[in-house]
Amino acid sequence: MTSLDNRIPPPIVGALVAAAMWAVSDLGPGIPIAPQPRFIAVVVLVVTGIAFDLLGLIAFRASRTTINPLRPERASALVTGGVYRVTRNPMYVGMGLFLLAWAVHLSALVPLAGPVIFVLYMTRFQIRPEENVLKRIFGEEYSAYAARVRRWL
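Criteria and thresholds
Residues numbered from 1 in each chain as written. Predicted model: local features only at pLDDT ≥ 70, side-chain atom pairs only at ≥ 80, totals over all residues. Heavy atoms only, no water. Patch = residues over 30% accessible without salt bridge, like charges linked within 9 Å, V, L, I, M, F, W, Y side chains within 5 Å. Areas by Shrake-Rupley, 256 points an atom, 1.4 Å probe, with all protein chains shown as cover. Salt bridge = Lys/Arg side-chain N within 4 Å of Asp/Glu carboxyl O. Helix = DSSP H or I, 4+ residues; strand = E, 2+ residues; numbered from the N terminus. Core = buried A, V, L, I, M, F, W, Y, C linked by side-chain atoms within 4.5 Å. Buried < 20%, exposed > 50% of the residue type's maximum accessible area, 1.4 Å probe, protein only. Contact = heavy atoms within 4.5 Å. 1 Å grid on protein atoms, 1.4 Å probe; cavity = no way out; pocket = protein on both sides within 12 Å on 5 of 7 lines; lining within 4 Å. Points joined across faces, edges and corners; volume = space filled by probe spheres on them. Nonpolar A, V, L, I, M, F, W, Y, C, P; charged D, E, K, R; others polar. Phe/Tyr/Trp six-rings, centres within 6.5 Å; stacked < 30°, edge-to-face > 60°. Expected span 1.5 Å × (residues − 1). Arc of directions from axis to C-beta. Axes fitted to C-alpha atoms, helices over the stretch in contact; angles between N-to-C directions. Parallel < 35°, antiparallel > 145°, perpendicular 65-115°, else oblique. Left-handed = near helix turned anticlockwise from the far one by under 90°.

Brief notes about a nonpolar patch on the surface
Here is step 1 of the chain: On the surface, I50, L54, L55, L57, I58, I67 and F98 cluster together into a nonpolar patch covering about 560 Å² of accessible area.
Here is step 2 of the chain: By the secondary structure assignment, F98 is in helix α3 (residues 90-106).

Have a look at this one:
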């Protein structure tokens, strides 16, 4: 375990990435997107992100297991139904979609790196450490689940 593994709450990571995206939005070429298609794309991405987040949260609550991403060892159930049949990390997918919506809204090339950086950071410092804990707790059941459902999409 490194010093960053499961240390920074994912919403904070997302907010920091979003702030950095805004800060660099003037550093490079813009992407000319007409206002109406841009607005539609942003709305679709945000609504889809909300759906992933809510469906993930509802599934965790229904299974009565922890939603605290900093304490995966407190997991009392392996959630594999609902949206968890599509992705093992729907709430992180939702955050990634919010960041993609923000990048589209900013209409600039450099901020498009934000969602990529978020995915890379989350995979390394949040998801992989969570997966290690879930393998320890749920053993072969988790390994079988991970083999049939993708980490992201």
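Remarks on the nonpolar core
Here is step 1 of the chain: Ranked by size, the top nonpolar core spans 35 residues in total, and within it Y84, F118, M122 and W152 carry the most contacts.
Here is step 2 of the chain: Of all the secondary-structure elements, those providing two or more residues to this core are α1 (10-23), α2 (35-63), α3, α4 (113-138) and α5 (140-148).
Here is step 3 of the chain: Among the elements that line this core, the one with the most residues is α3, at 10 residues.
Here is step 4 of the chain: For W152, the contacting residues outside a window of four places in its chain are V86, T87, Y92, V93, F118, V119, M122, T123 and I127.

Points about the layout of surface pockets
Here is step 1 of the chain: By volume, the largest pocket amounts to about 500 Å³.
Here is step 2 of the chain: Lining the largest pocket are 27 residues, with F60, Y84, M91, Y92 and E130 sitting closest to its centre.
Here is step 3 of the chain: When contributions to the lining of the largest pocket are tallied by element, the ones reaching two or more residues are α1, α3, α4 and α5.
Here is step 4 of the chain: Top contributing element to the lining of the largest pocket by residue count: α4, with 5 residues.
Here is step 5 of the chain: For the lining of the largest pocket, the residue count by class is 20 nonpolar, 4 polar and 3 charged.

Thoughts on the packing of aromatic side chains
Here is step 1 of the chain: A full pass over the atoms with the stated rule returns 3 aromatic pairs.
Here is step 2 of the chain: Taking the centre distance of 4.9 Å and the plane angle of 40° together, the rings of Y121 and F125 count as tilted. Highlighted residues: Y121 and F125, both in helix α4, separated by 4 residues, approximately one helical turn. Both residues of the pair, Y121 and F125, belong to the buried class.

Regarding the side chain of S107
Here is step 1 of the chain: Within the element layout of this structure, S107 appears in the loop between α3 and α4.
Here is step 2 of the chain: For S107, a relative accessible area of 12% puts it in the buried group.
Here is step 3 of the chain: Apart from the residues lying within four places of it in its own chain, the contact partners of S107 are G30, I31, I33 and R38.

Considering the environment of A51
Here is step 1 of the chain: As for its placement among the helices and strands, A51 is situated in helix α2.
Here is step 2 of the chain: For A51, a relative accessible area of 34% gives the class partly exposed.

Some details on α1
Here is step 1 of the chain: With 14 residues, α1 extends 20 Å from end C-alpha to end C-alpha; this agrees with the ideal 20 Å at 1.5 Å per step.
Here is step 2 of the chain: Of all the positions in α1, only P10, V13, G14, V17, A18 and M21 are classed as buried. One side of α1 holds all its buried residues, which, seen down the axis, span an arc of 135°. Across α1 from its buried face, at more than 90 degrees, point the exposed residues P11, L16, W22 and A23.
Here is step 3 of the chain: Looking at the buried side of α1, the elements it contacts are α3 and α4.

Looking at the packing of α3 against α4
Packed helices, taken two at a time, are described by the angle their axes make and the gap between the axes.
Here is step 1 of the chain: One way to put it is that α3 packs onto α4 with a least axis distance of 10 Å and a crossing angle of 165°. Here α3 is positioned roughly antiparallel relative to α4, judged by the angle of their axes. For the crossing formed where α3 meets α4, the hand is right-handed. Contact residues: α3 offers Y92, M95, G96, L99 and L100, while α4 offers P115, F118, M122, Q126, I127 and E130.
Here is step 2 of the chain: Taken together, the residues that form the contact of α3 with α4 break down as 8 nonpolar, 2 polar and 1 charged.

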